[in-house]
Amino acid sequence: MRTVLLLDTNAMAYRAIFSGSKLDLTAPDGTPTGGLLTFYKGFMKLISARSPTHVIALGDPPRATLHRKKLYPEYKDGRGSLPAEGLSELQLCIEMFTHLDVTYIEIPGYEADDLIATLARRWGTKKDTNVIICSPDKDLQQCITPTVKCLCPKTMMTTDAARAEAIWGLPPERIPDIQTICGDSTDNIPGVKGIGMKTALKLLLKYGDLQGIMQNLNDIPEVKRKAFREVNLDIMRDLVTLVDDVVMDVRLKDIKYTSLNKDRAMPWFRSLGFKQI
């Protein structure tokens, strides 16, 4: 049985960098390294807990290249960026994978979530293969199937299809329906003004899907009816639905994992001021 870990690099690294800033660690050149240490320890925790046979890290390209940004220019507007020292640490977190012989991929135009969705769909259907998506972001729960699960790196809690449905009120593949209506303030996706998750779920359960709601707008209160008519649901749906057919030249045999190459990585870690890892 294969166990494939798909790592949401940026989401995991951002949290490690903010948390690691409290450690007050720096490389000889002054670059902060507390986030790198926190990121490394978190990665090792995942490896130890899940004993994967295959590992790959996926990353985000520059925000300006994102296809969602072209679709909706306000996408992610207002979202804070890492300060310069944080960006330096993010690059160290990414570089770490090279020294540990772990494949890292990012593709212009697509977020790590899209790459994860693509590989989860591709490998989750293979015989004797379980896929574990390692990310703190709930958006990826739409990828869950009987052979694909999500794992929160902070809590180490696994979310399967049953738990996802308990959280959202609908099966994983229907999560984009809820997000289309509710939006996502983190990514500056407005959704339908004034409609929260509870009301969105109620409407979807009553009318079946987004099309059903739109066909029965005359049956809902005027304020909500007006809100639905003022938003482009097609665009909202495209923003929240992960792309699962990105062209990616990577095969399972390319990411086979046996053990981390710590001997190769140690000179790099020493150059950053670490005596041991």
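Use the structure listed above.
Every chain is numbered independently, its residues counted from 1 as its sequence is written. Note on the predicted model: pLDDT of at least 70 is required for a residue's local features to be given, and 80 or more for side-chain atom pairs to be given and counted; whole-chain, interface and lining totals, by contrast, use all residues. Where side-chain values are given, they derive from all heavy atoms of the structure, hydrogens and water being excluded.

Draft legend 1. Up close: the nonpolar core. Counting residues in each nonpolar core, the largest one holds 37 residues, and the members touching the most others are Leu7, Leu36, Phe43, Met96 and Phe269. Under the scheme used here, helices are H or I runs from DSSP no shorter than 4 residues and strands are E runs no shorter than 2 residues, and both carry numbers assigned from the N terminus. Secondary-structure elements contributing two or more residues to this core are strand S1 (2-8), helix H1 (9-20), helix H2 (34-50), strand S2 (54-58), helix H4 (84-99), strand S4 (129-134) and helix H12 (262-271). At seven residues, the largest contribution of residues to this core is made by H2. Any two residues whose heavy atoms approach within 4.5 Å are treated as being in contact. In contact with Met96, not counting residues within four places along its chain, are Leu36, Phe39, Tyr40, Phe43, Trp268 and Phe269. Throughout, nonpolar core names a set of buried Ala, Val, Leu, Ile, Met, Phe, Trp, Tyr and Cys residues whose side chains join them through atoms within 4.5 Å. For each residue, the accessible area found with a 1.4 Å probe, counting protein chains only, is set against the maximum for its type, and the residue is called buried under 20%, exposed over 50%, and partly exposed in between. Core analysis: the second largest hydrophobic core is formed by 28 residues, Val4, Leu115, Ile133 and Leu242 among them.

Draft legend 2. Examining the sheet that holds strand S6 (residues 158-159) more closely. A pair of strands is considered paired only if DSSP assigns at least 2 bridges between the two. Taken in spatial order, the six strands make up an open sheet running S3-S2-S1-S4-S5-S6, and their pairing is mixed. At either end of the open sheet lies a strand with only one pairing partner, and these are strand S3 (103-105) and S6. Pairing between S1 and S4: six bridges, direction parallel. Note that in S4 the partner of Thr3 across the bridge is Asn130. Packed onto the sheet, H2 meets S1, S2, S4, strand S5 (148-151) and S6 and runs at close to 160° relative to S1. Packed on one face of the sheet, helix H5 (residues 112-124) meets S1, S2, S3, S4 and S5 and runs near 170° to S1. Axis definition: a line fitted to C-alpha atoms, limited for helices to the stretch in contact. Angles are taken between N-to-C directions and run from 0 to 180 degrees.

Draft legend 3. Spotlight on the layout of surface pockets. Estimates place the volume of the largest pocket at around 980 Å³. In terms of lining, the largest pocket is formed by 40 residues, of which the most central are Tyr14, Asp60, Lys76, Arg79 and Glu111. Among the elements of the structure, H1, H4, helix H7 (175-182) and helix H11 (233-240) are those that each provide at least two residues to the lining of the largest pocket. Think of it as three bins: nonpolar holds Ala, Val, Leu, Ile, Met, Phe, Trp, Tyr, Cys and Pro, charged holds Asp, Glu, Lys and Arg, and polar takes everything else, Gly as well. For the lining of the largest pocket, the class distribution of residues is 18 nonpolar, seven polar and 15 charged. Using a grid of 1 Å spacing that covers the protein atoms alone, one calls a set of points a cavity when a 1.4 Å probe fits there but cannot get out, and a pocket when the set is open and has protein on both sides within 12 Å along at least five of seven lines; lining residues are those with an atom within 4 Å of a point. Grid points are joined across faces, edges and corners, and a volume is the space filled by probe spheres set on the points. Here the second largest pocket is characterised by a volume of approximately 370 Å³. Lining the second largest pocket are 15 residues, and of these Met12, Arg15, Ala16, Pro153 and Lys154 lie nearest its centre.

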